[in-house]
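# Summary of the model geometry
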Amino acid sequence: MAASEVVVFANEEKRQLELGGRVGFDSLPDQLVSKSVAQGFCFNILCVGETGIGKSTLMNTLFNTAFENEETSHYEREVQLRPQMYDLQESNVNLKLTIVHTVGFGDQINKEESYKPILEYIDAQFEKYLEEELKIKRCLFNCDDTRIHICLYFIAPTGHSLKSLDLVTMKKLDSKVNIIPVIAKADTVSKTELDKLKIKIMSELVSNGVQIYQFPTEDDAVSEINSSMNTHLPFAVVGSVEDVKVGNKMVKARLYPWGSVQVENENHCDFVKLREMLLRVNMEDLRDQTHARHYELYRRCKLEEMGFKDTDPDSQSFSLQETYEAKRKEFLVDLQHREEEMRQMFVNKVKETEAELKEKEKELHERFEQLKRMHQDEKKNLEEKRRELEEEMNAFNRRKVAAETLMGQSLQGSQPFKKDKDKKN
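So, here is what we can say about the structure in this document. (Residues numbered from 1 in each chain as written. Predicted model: local features only at pLDDT ≥ 70, side-chain atom pairs only at ≥ 80, totals over all residues. Heavy atoms only, no water.)

Attention shifts here to the overall build of the protein. The helix and strand tally for the protein stands at nine helices and nine strands. Computed over its C-alpha atoms, the radius of gyration of the protein comes to 46 Å, more than 25% above the 22 Å expected for a compact globule of 425 residues. By residue count, 31% of the 425 residues in the protein fall in the buried class. Of the contacts made within the protein by residues no fewer than 6 positions apart, 66% connect residues no fewer than 24 positions apart. In the form shown here, the protein has an accessible surface area of approximately 30,400 Å², with 51% of it arising from carbon and sulfur atoms. (Helix = DSSP H or I, 4+ residues; strand = E, 2+ residues; numbered from the N terminus. Rg over C-alpha atoms; globule rule 2.2 N^0.38 Å. Buried < 20%, exposed > 50% of the residue type's maximum accessible area, 1.4 Å probe, protein only. Contact = heavy atoms within 4.5 Å. Areas by Shrake-Rupley, 256 points an atom, 1.4 Å probe, with all protein chains shown as cover.)

In C-alpha cells:
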C-alpha cells in the first residue's frame with residue numbers, strides 16, 4: 001500500500017468505554033467560557049423604520065444608556081445606513097455593539113427602491129467577512145465582524161395593517177438577516193386594537209411568505225419560554241429614557257396627563273419580552289443563525305459564481321487547482337472576447353468618425369465654393385458699377401468742359417457790346 005493512501009473504515013462502530021478515574025476533559029466547557037469571555041463578543045443590530053418612529057429611543061432603553069444619535073429630517077433624498085459602534089461592559093463581559101440606523105427610510109415619494117441600500121449593506125458585510133475568510137493569512141477571531149445578527153423592523157402603530165413598503169422590504173430581507181417585527185409607540189393604540197393589529201400583521205406576513213425569526217425550541221432549557229414568546233410576536237414596545245416616580249420607586253416610563261406608561265411593566269407593553277428574548281436568552285442563537293444560515297447561503301452562492309462546487313460521494317474528488325485553472329481559462333477567453341468586441345467597437349467608431357469628418361469636409365468645401373461664387377459675383381457687380389461710375393464721371397467732365405467753353409464764349413461776345421455802350425454814353 002502506498003504511503004499516501006489512507007484506509008477509512010466508515011462503517012466501523014464506535015465503542016463506548018468507561019474511565020477508571022477523572023481525566024480532566026470535563027473542564028472543557030469552562031475553558032471555552034474563559035476563552036470566550038477573554039475574547040469578548042460582538043452583536044450587530046439593524047434598525048429599520050421610518051424617521052421619528054422611535055428607533056433611537058428604543059435602543060437607549062434596551063441597553064439602559066444614552067447612545068450618540070444625530071437628528072435626521074424627513075427630507076432625505078435616499079436611504080442611507082449609518083452604523084455606530086460602541087464598546088459596552090457588563091460585569092466581566094465585553095460586548096462590541098454595532099447599531100445601524102436606516103436614515104431616510106420611507107421618506108421619499110417613490111419608495112420602490114428603499115430596500116436596496118439595506119440589501120447592499122448586508123451583502124457588503126458578508127462580502128467583507130468572506131474576503132477575510134479566503135485570505136491565505138487570515139484571522140477570523142480578531143477580525144471586525146460587522147455581519148448583521150438581527151433586524152428590528154419597526155412597524156407604525158396605524159391600527160390597520162402593514163404598508164406595502166413593509167411587506168416588500170421584509171420579504172427582500174428575510175433570506176439575508178433574522179427579522180423580529182416590533183410595533184413601535186404601542187402606547188398610542190388601545191389594548192384591543194393592539195391585539196387585533198398583532199393578529200392582522202402575522203396573518204399578512206404568513207400569507208405573503210415572509211419568514212421572520214422564530215425563537216428556537218430545540219433546547220429544553222429555553223423551549224418553554226421561547227414557544228410562549230413566539231405567540232407574542234410582533235412585540236408591542238414603548239421606549240423611554242425618563243425616570244418617573246411611580247409609588248415609592250423610580251421607573252422608566254412615559255408620563256401623560258392621565259397617567260404613565262411603564263416601560264418594564266408587562267401589562268403596559270412587551271418591552272421586557274423583547275429584551276429577554278433578544279439579549280438574555282437568544283443572543284447566541286441569533287449569532288449562530290447569522291453565520292450558519294444567512295452567511296452560509298451568501299457564501300455558497302458566491303463560491304458557485306466563482307466556479308466552486310461540492311462533490312458527490314460517487315464523483316471525482318474536488319481539485320482547487322483544476323477549478324482555478326478552469327476559471328482562469330474562462331476568464332482569459334472572456335477577456336479576449338471583450339477585447340475583440342472593444343477593438344471592433346473602436347474600429348466602427350473610427351469609421352463613423354471618418355465618415356462624419358468627410359461629410360463635414362464636403363459640406364465645408366461646398367460652402368467654400370458657394371462663398372467663392374458669391375465673392376466673384378459681388379466682385380463682378382462692383383466692377384460693373386465702377387465702370388458705370390467712370391463713364392458717368394467722364395460724361396460729367398465732358399459736359400463740364402463744354403459748359404465752361406460755352407460760358408467762356410458768351411463772356412467774350414458780351415465784352416465788345418459793353419465797350420460800344422460805354423462810348424455812346
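So, next bit.
Of the strand pairs in this sheet, strand β7 (residues 243-246) and strand β8 (residues 249-256) are connected by four bridges, and their pairing is antiparallel. Looking at β8, one finds that Asp-243 is bridged to Lys-252. The pairing of β8 with strand β9 (residues 259-262) spans four bridges and is classified as antiparallel. In the sheet register, Tyr-256 faces β9, and the bridge partner there is Gly-259. Hairpin connection from β8 to β9: two residues lie between these consecutive antiparallel strands. (Pairing = 2+ DSSP bridges.)

This part takes up the sheet that holds strand β3 (residues 93-103). Strands in a sheet are paired, the pairing made by backbone hydrogen bonds, and the direction either parallel or antiparallel. If you walk across this open sheet you meet the six strands as β2-β3-β1-β4-β5-β6, and the pairing is mixed. The sheet is open, and its two borders are formed by β2 (80-90) and β6 (235-236), each paired with just one other strand. Pairing of strand β4 (residues 150-155) with strand β5 (residues 179-183), which is carried by five bridges, proceeds in the parallel orientation. Across the sheet, the residue bridging to Phe-154 is Val-182, located in β5. Against the sheet, helix α5 (residues 191-207) touches β4, β5 and β6, its axis set at about 150° to β5. (Axes fitted to C-alpha atoms, helices over the stretch in contact; angles between N-to-C directions.)

This next bit is on helix α3 (residues 116-133). Along its 18 residues, α3 runs 25 Å from first to last C-alpha, staying within 8% of the 26 Å computed at 1.5 Å per residue. Along α3, the residues classified as buried are Ile-118, Leu-119, Tyr-121, Ile-122, Gln-125, Phe-126, Tyr-129, Leu-130, Glu-132 and Glu-133. Residues of α3 that are buried make contact with β1 (41-48), β2, β3, α4 (164-173) and α8 (283-305). (Expected span 1.5 Å × (residues − 1).)

Here the focus is the nonpolar core. Counting residues in each nonpolar core, the largest one holds 75 residues, and the members touching the most others are Ile-180 and Phe-235. At seven residues, α3 tops the list of elements feeding residues into this core. When near neighbours in sequence (up to four residues on either side) are disregarded, Ile-180 contacts Ile-150, Cys-151, Leu-152, Tyr-153, Tyr-213, Phe-215, Leu-233, Phe-235, Leu-274 and Leu-278. (Core = buried A, V, L, I, M, F, W, Y, C linked by side-chain atoms within 4.5 Å.)

Together, Leu-19, Val-23 and Phe-25 give the surface a local cluster of nonpolar side chains, amounting to about 350 Å² of exposed area. As for its placement among the helices and strands, Leu-19 is situated in the segment before α1 (28-39). (Patch = residues over 30% accessible without salt bridge, like charges linked within 9 Å, V, L, I, M, F, W, Y side chains within 5 Å. Salt bridge = Lys/Arg side-chain N within 4 Å of Asp/Glu carboxyl O.)

Here the focus is the sheet that holds β8. Strand order in the open sheet formed by three strands is β7-β8-β9, with antiparallel pairing between adjacent strands. With one partner strand each, in any of the chains shown, β7 and β9 form the two edges of the open sheet. In this sheet, neighbouring strand axes are inclined to one another by 70° on average, regardless of whether the strands run parallel or antiparallel.

Our focus in this paragraph is the pairing of β1. Burial within β1 is extensive, with seven of its eight residues counted as buried. Two strands pair when backbone bridges link them, and β1 and β3 are joined in this way by seven bridges, in the parallel orientation. Paired with Leu-46 across the strands is Val-100, a residue of β3.

The next thing to look at is the environment of Val-93. If you trace the backbone, Val-93 turns up in strand β3. The exposure class assigned to Val-93 is partly exposed, which follows from its relative accessible area of 32%. If near-sequence neighbours (up to four positions away) are discounted, Val-93 is found in contact with Phe-41 and Leu-88.

Pro-234 follows Leu-233 through a cis peptide bond whose omega is -5°. Secondary-structure assignment places Pro-234 in the loop between α6 (223-230) and β6. In this structure, Asn-64 takes a positive phi of about 55° despite not being glycine. Here Asn-64 is to be found in the loop between α2 (55-62) and β2. Judged by relative accessible area, which is 60%, Asn-64 ranks as exposed. A positive phi angle is found at Lys-185, which is not glycine, with a value near 50°. Its place among the elements puts Lys-185 in the loop between β5 and α5. With relative accessibility at 39%, the residue Lys-185 sits in the partly exposed group.

Read these as layout, nothing more, since geometry by itself doesn't imply function.
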